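Chain by chain, the residues run as shown.
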Amino acid sequence: MNPRFSWPDERLIRAAQDGDLTSLTTVVMESQPHVRKFARALCASPQDAEDAAQEALIILYRKIGTLRATGALASWMFRIVRNECLRQVRLFASRSDGASAEPDASPEPSAEEAALHRLEVERLAAAVAALPRDQRQVLIMRDVQGLPGRAVAHALGLSNAAMKSRLHRARAALRHSLETTDQSVDRPVEGESSP
């Protein structure tokens, strides 16, 4: 199989947008290797990558008519895959929060608490997404998905020591990123006194 694939040409994309089913099927099939490559680069695990790629291809099939410029297919698909990977991280984070909450805990959070929590999850997901791919993968597999260190090292083809080193760098980079955003939020406005 040829490792170099090309995106569908503009004529084919236009025909697909006009409703030609054969062209649409061809556009989806020719886009598939690129979409999978994006997903493998952006998502934390092979399963997440597969899910994101499938979702992106379904969106392509259903909504190709909304693509404004036929030459923008690659960037459109990249954004869809990126958003799907971020959605998976957010979903996992919110599920983890829900699972760790005690059943006897306080009643439903207020609208303000819920909004603040949602903003914090968004901030964390954005900080994780901004990590380099190798760091993002090991951090999500180990800290978010809770996989054992040996399983993470094996899945990524790393020695245990290399996996630990990469995880340490990822945690440090994430901590730095979150501290930087905390400081910019906490910095008092000029003329405002601190308590």
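Think of each chain on its own: its residues are numbered from 1, step by step along the sequence as written. The model is predicted, so local features are restricted to residues of pLDDT at least 70 and side-chain atom pairs to those at 80 or more, both for listing and for counting; the totals for chains, interfaces and linings are taken over all residues. As a rule here, side-chain values cover all heavy atoms of the structure and leave hydrogens and water aside.

**A word on helix H7 (residues 149-156)**
Okay, step 1: When we look at burial in H7, the residues that qualify are Gly-149, Val-152 and Ala-153. Buried residues in H7, looked at end-on, bunch into an arc of 100 degrees, giving them a common side. For H7, exposure combined with an orientation more than 90 degrees from the buried face picks out Arg-150, His-154 and Ala-155.
Okay, step 2: Helical segments are the DSSP runs of H or I of at least four residues, strand segments are the runs of E of at least two, and each set is numbered from the N terminus. Residue Gly-157 follows H7 closely and has a positive phi angle near 70 degrees. Buried, partly exposed and exposed residues are distinguished by accessible area as a fraction of the type maximum, computed with a 1.4 Å probe on protein chains only: under 20%, between the cut-offs, and over 50%, respectively. It is the directions from the helix axis to the C-beta atoms whose arc is reported.

**Remarks on the environment of Ser-45**
Okay, step 1: Within the fold, Ser-45 resides in the loop between helix H2 (21-42) and helix H3 (46-63).
Okay, step 2: In sequence terms Ser-45 and Arg-136 are 91 residues apart; their C-alpha atoms lie 9.7 Å from each other.

**Re the side chain of Ser-23**
Okay, step 1: Structurally, the position occupied by Ser-23 is in helix H2.
Okay, step 2: Only heavy atoms matter for contacts: two residues are in contact if any of them lie within 4.5 Å across the pair. With near-sequence residues (within four places) excluded, Ser-23 lies in contact with Leu-12, Ala-15 and Ala-16.

**A word on the state of the cysteines**
Okay, step 1: For this text, the term disulfide refers to a pair of cysteine sulfurs within 2.5 Å. A full pass over the atoms with the stated rule returns one disulfide.
Okay, step 2: Across the disulfide, Cys-43 is cross-linked to Cys-85 (sulfur-sulfur distance 1.8 Å). Negative torsions about the S-S bond denote left-handed disulfides, and the value of about -70 degrees found for Cys-43 with Cys-85 makes this one left-handed. Of the two residues, Cys-43 is situated in the loop between H2 and H3 and Cys-85 in helix H4 (residues 73-100); the sequence distance between them amounts to 42 residues.

**A short note on the packing of H2 against helix H6 (residues 133-144)**
Okay, step 1: Contact geometry for H2 and H6: axes closest at 8 Å, N-to-C directions at 70 degrees. Classed by the angle they form, the pair H2 and H6 counts as roughly perpendicular. Residues Arg-40, Ala-41 and Leu-42 of H2 touch H6, and the partners they reach there are Arg-133, Arg-136 and Gln-137.
Okay, step 2: Tallied by class, residues from the contact of H2 with H6 come to two nonpolar, one polar and three charged. Interaxial angle, 0 to 180 degrees, is taken between N-to-C directions of lines fitted to C-alpha atoms, where a helix line uses only the stretch in contact. In what follows, roughly perpendicular refers to angles from 65 to 115 degrees, roughly parallel to angles under 35, roughly antiparallel to angles over 145, and oblique to any angle outside these ranges. As a working rule, the residues Ala, Val, Leu, Ile, Met, Phe, Trp, Tyr, Cys and Pro are called nonpolar, Asp, Glu, Lys and Arg charged, and the rest polar, with Gly in that last group.

**Brief notes about the pattern of salt bridges**
Pairing between side chains becomes possible if they bear opposite charge and their charged atoms approach one another.
Okay, step 1: One speaks of a salt bridge when a side-chain nitrogen belonging to Lys or Arg is within 4 Å of a carboxyl oxygen belonging to Asp or Glu. Considering all chains together, one arrives at five salt bridges under this definition.
Okay, step 2: A salt bridge links Asp-9 to Arg-11; the shortest N-O distance between them is 3.5 Å.
Okay, step 3: On the basis of relative accessible area, Arg-11 is assigned to the exposed category, the value being 59%.
Okay, step 4: Among the salt bridges present, the one from Glu-10 reaches Arg-14, with a minimum N-O distance of 3.8 Å. Within this pair, Glu-10 and its partner Arg-14 are both found in helix H1 (residues 10-17), separated by four residues, close to a single helical turn.

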